[in-house]
Amino acid sequence: MSDHRIVTLGTAGGPRWWTPLDAHSRFGISTAVAVGDRVYLVDAGLGAGRQFARAGFTMDRLGGVFLTHLHSDHTTDLLNLALFGMFGLTGDEPRIPIIGPGDRGALPPVSARATVPPRPVAPQLPTPGTADMFRLLMESQATDLNDRVLDALRPSPTELFEARDIVIPGGLGYHPNDAPTPDMAPFTVFEDDRVRVDAVLVQHPPIAPAFGFRFTSDEGSVAISGDTAKCDNMVRLAEGVDLLLHEAISFDWVASTYGGRDDETSRASIDHHRRSHTSVEEAIAVAHEAGAARLALHHLVPGHLPTESWLRAVAVAGAELEVVVPADLETVSFARQRALAF
Ligand SMILES: [Zn+2]
Ligand SMILES: [Zn+2]
């Protein structure tokens with residue numbers, strides 16, 4: 001049996017430098033999915049490139065980068081991965097796909113709590129998808145890259161990587177504002193000689209589209225929720241999976257952080273977290289409903305809460321399957337261990 005494991009490169013959620021920077025601090029969300037000698041990256045949060053190297057992986061083993069959605073805590077190290085990672089590649093390798101959401105297609109509605117209508121950033125291209133984002137990131141570094149390309153004769157990241165937008169199947173009634181998470185069956189977004197990667201739309205408004213991914217090989221499967229409230233599509237994606245990695249948030253922390261202030265910004269923040277994230281109890285419920293063999297909680301918010309607090313929440317919720325709360329750079333197997341029922 002070949003290697004089937006995930007390595008948690010970073011397990012914190014949210015666009016924050018979580019402080020205090022002590023033993024509990026975690027890097028931004030990013031997960032390596034290792035299948036044999038190849039590795040795939042799901043999300044590229046703070047420190048993903050550094051942690052990828054620290055986990056012992058090399059760029060020539062990277063089979064693809066998958067972005068669940070385009071919130072900055074999932075994408076902020078994509079730039080580093082391309083600019084520093086290019087020195088681990090010769091240009092003779094196949095281009096590494098970067099696969100993620102397409103252009104949102106419409107701005108989100110302005111909050112009903114707004115007193116003055118906010119002005120959008122970059123109105124000429126206000127909701128770029130994965131392909132546009134990668135192009136713009138590389139263009140922003142043209143001074144550096146043209147040194148490398150013209151003087152040092154290095155292949156440019158634009159030749160080493162290929163950023164692609166996921167095309168959402170038609171006929172679902174999907175709309176970024178009106179119906180961002182229609183009921184759907186998983187659909188395939190990538191396949192090579194090692195794995196098939198399927199996706200579903202998950203519930204993380206107002207961002208859209210937001211995906212959960214599932215990697216399936218002959219020897220095991222792992223589903224990764226991305227950011228989502230508890231949702232039926234995720235249950236379908238994770239059906240019978242060997243390992244489910246699901247996000248978890250502490251709503252106690254949300255209430256203590258935003259609940260004390262009586263202003264529109266605080267109320268909007270509490271609303272956002274309730275509609276878009278999952279408690280420990282709900283993550284366990286998703287794992288139960290899907291019949292997952294094992295659950296790992298990650299994308300932990302807040303990122304500085306001691307692991308014991310998460311484990312306490314798991315114990316209070318009660319679970320009929322193994323639940324782990326890995327630290328950064330921990331390995332969790334997704335090799336199939338159950339006998340298949342025929
Ligand atoms: Zn996030
Ligand atoms: Zn998010």
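For the structure, see preceding data.
This is a predicted model, so every value here is computed, not measured. Counting from 1, residues in each chain are numbered in the order their sequence is written. Chains and ligands are labelled by the order in which they are written, letters from A for the one and numbers from 1 for the other. The predicted nature of this model means local features are confined to residues of pLDDT at least 70 and side-chain atom pairs, given and counted, to a pLDDT of 80 or more, with totals for whole chains, interfaces and linings taken over all residues. Excluded from the side-chain calculation are hydrogens and water; included are all heavy atoms of the structure.

Here we come to the overall build of the protein chain. Only DSSP runs of H or I reaching four residues or more are called helices, and only runs of E reaching two or more are called strands; each is numbered from the N terminus. Within the protein chain, the secondary structure is distributed over 11 helices and 14 strands. Our radius of gyration is a C-alpha quantity, and the globule rule it is checked against amounts to 2.2 Å times the number of residues to the power 0.38. The globule rule puts the C-alpha radius of gyration for 342 residues at 20 Å, and the 20 Å found for the protein chain is close to it. Along the first, second and third principal axes, the C-alpha atoms of the protein chain reach 60 × 60 × 50 Å. Any two residues whose heavy atoms approach within 4.5 Å are treated as being in contact. Summarising the internal contacts of the protein chain: among those between residues at least 6 apart in sequence, 69% fall at separations of at least 24. Only the protein chains shown count as covering a residue, and every accessible area follows the Shrake-Rupley method with a 1.4 Å probe. As displayed, the protein chain has an accessible area near 15,600 Å², and 53% of this comes from carbon and sulfur atoms. Asp and Glu are treated as the negative residues and Lys and Arg as the positive ones, with His and the ends of the chain left uncounted. Where a charge lies is defined by one atom per residue type, namely NZ (Lys), CZ (Arg), CG (Asp) and CD (Glu). In the protein chain, 28 positive and 44 negative side-chain charges are present, and the distance between their average locations comes to 2 Å.

Here a donor is any nitrogen, oxygen or sulfur atom (N, O, S) within 2.8 Å of the metal, with 3.2 Å used for Na, K and Ca; water is not among the atoms considered, so some sites may look incomplete. Within the protein, the zinc ion (ligand 2) binds to His69 (NE2), His71 (ND1), His204 (NE2) and Asp227 (OD); these donor distances fall in the range 2.2 to 2.4 Å. If you look at the zinc ion (ligand 2), its 4 donor atoms make angles of 91 to 170° with each other, and the shape they trace is irregular. Sequence spacing of the donors to the zinc ion (ligand 2): H-x1-H-x132-H-x22-D. Distance-wise, the zinc ion (ligand 1) is placed 3.3 Å from the zinc ion (ligand 2), both being coordinated by Asp227. Of the two residues, His71 is situated in the loop between strand E4 (62-66) and helix H2 (72-75) and Asp227 in the loop between strand E10 (220-224) and helix H7 (232-237); the sequence distance between them amounts to 156 residues. A 1.4 Å probe rolled over the protein chains alone gives each residue an accessible area, and that area as a share of the maximum for its type sets the label: buried under 20%, exposed over 50%, partly exposed in between. By relative accessible area, Asp227 is classed as buried at 2%. Under the classification used here, a metal with four donors is tetrahedral if each angle lies between 85 and 135 degrees, square planar if opposite donors are over 155 degrees apart and the others between 65 and 115, a six-donor metal meeting that same test is octahedral, and anything else is irregular.

In this section: the sheet that holds strand E11 (residues 243-249). Pairing between two strands requires that DSSP report at least two bridges joining them. Read from one edge to the other, the open sheet built from 7 strands follows the order E7-E8-E9-E10-E11-E12-E13, with strand pairing classed as mixed. Of all the strands in the sheet, the pair left with one neighbour each is strand E7 (187-191) and strand E13 (322-324). Along the sheet, successive strands turn relative to each other by an average axial angle of 25°, direction set aside. Where strand E8 (residues 196-201) lies against strand E9 (residues 211-217), 6 bridges are found, and the strand directions are antiparallel. Note that in E9 the partner of Asp198 across the bridge is Arg214. To get an axis, a line is fitted to the C-alpha atoms, and for a helix only the part in contact is used. The angle between two axes follows their N-to-C directions and goes from 0 to 180 degrees. Here helix H11 (residues 307-317) sits on the sheet and contacts E11, strand E12 (294-301) and E13; the angle it forms with E12, its principal contact strand, is near 130°.

At the metal site, the zinc ion (ligand 1) is ligated by Asp73 (OD), His74 (NE2), Asp227 (OD) and His299 (NE2), and these contacts range over 2.1 to 2.2 Å. Coordination at the zinc ion (ligand 1) comes from 4 donor atoms whose angles at the metal span 91 to 164°, giving a geometry best classed as irregular. Sequence spacing of the donors to the zinc ion (ligand 1): D-H-x152-D-x71-H. Taking the relative accessible area as the measure of exposure, His299 reaches 2% and is therefore buried.

A few words now on a nonpolar patch on the surface. Together, Trp17, Phe27 and Leu46 make up a nonpolar patch on the protein surface, roughly 350 Å² of accessible area in all. Checked against the element boundaries, Phe27 lands in the loop between strand E1 (4-10) and strand E2 (30-35). Residue classification places Phe27 among the partly exposed residues on the basis of a relative accessible area of 30%. Surface patches are defined over residues having more than 30% relative accessible area and no salt bridge, joining like charges when they lie within 9 Å and nonpolar side chains (Val, Leu, Ile, Met, Phe, Trp, Tyr) when within 5 Å. For salt bridges, the criterion is a side-chain nitrogen of Lys or Arg within 4 Å of an Asp or Glu carboxyl oxygen.

Any Phe, Tyr or Trp ring, taking Trp's six-membered ring, that has another such ring centre within 6.5 Å forms a pair; planes under 30 degrees apart are called stacked, those over 60 apart edge-to-face, and the others tilted. All told, the structure shown has 11 aromatic pairs when counted by the stated rule. On the basis of an interplanar angle of 50° and a centroid distance of 5.8 Å, the ring pair of Tyr40 and Phe215 is categorised as tilted. Of this pair, Tyr40 sits in strand E3 (residues 38-42) while Phe215 sits in strand E9, placing them 175 residues apart in sequence. Neither residue differs from the other here; Tyr40 and Phe215 are each classed as buried. Taking 6.3 Å as the distance between ring centres and 80° as the angle between the ring planes, the aromatic pair formed by Trp253 and Tyr258 counts as edge-to-face. Here the two residues Trp253 and Tyr258 agree in accessibility, since each one is buried. As a reminder, the over-ring test applies to NZ of lysine and CZ of arginine, requiring each to be within 6 Å of the ring centre and within 35 degrees of the ring normal. Its guanidinium or amino end placed over the ring of Phe251, Arg274 lies 4.0 Å from that ring's centre, counting from NZ or CZ.

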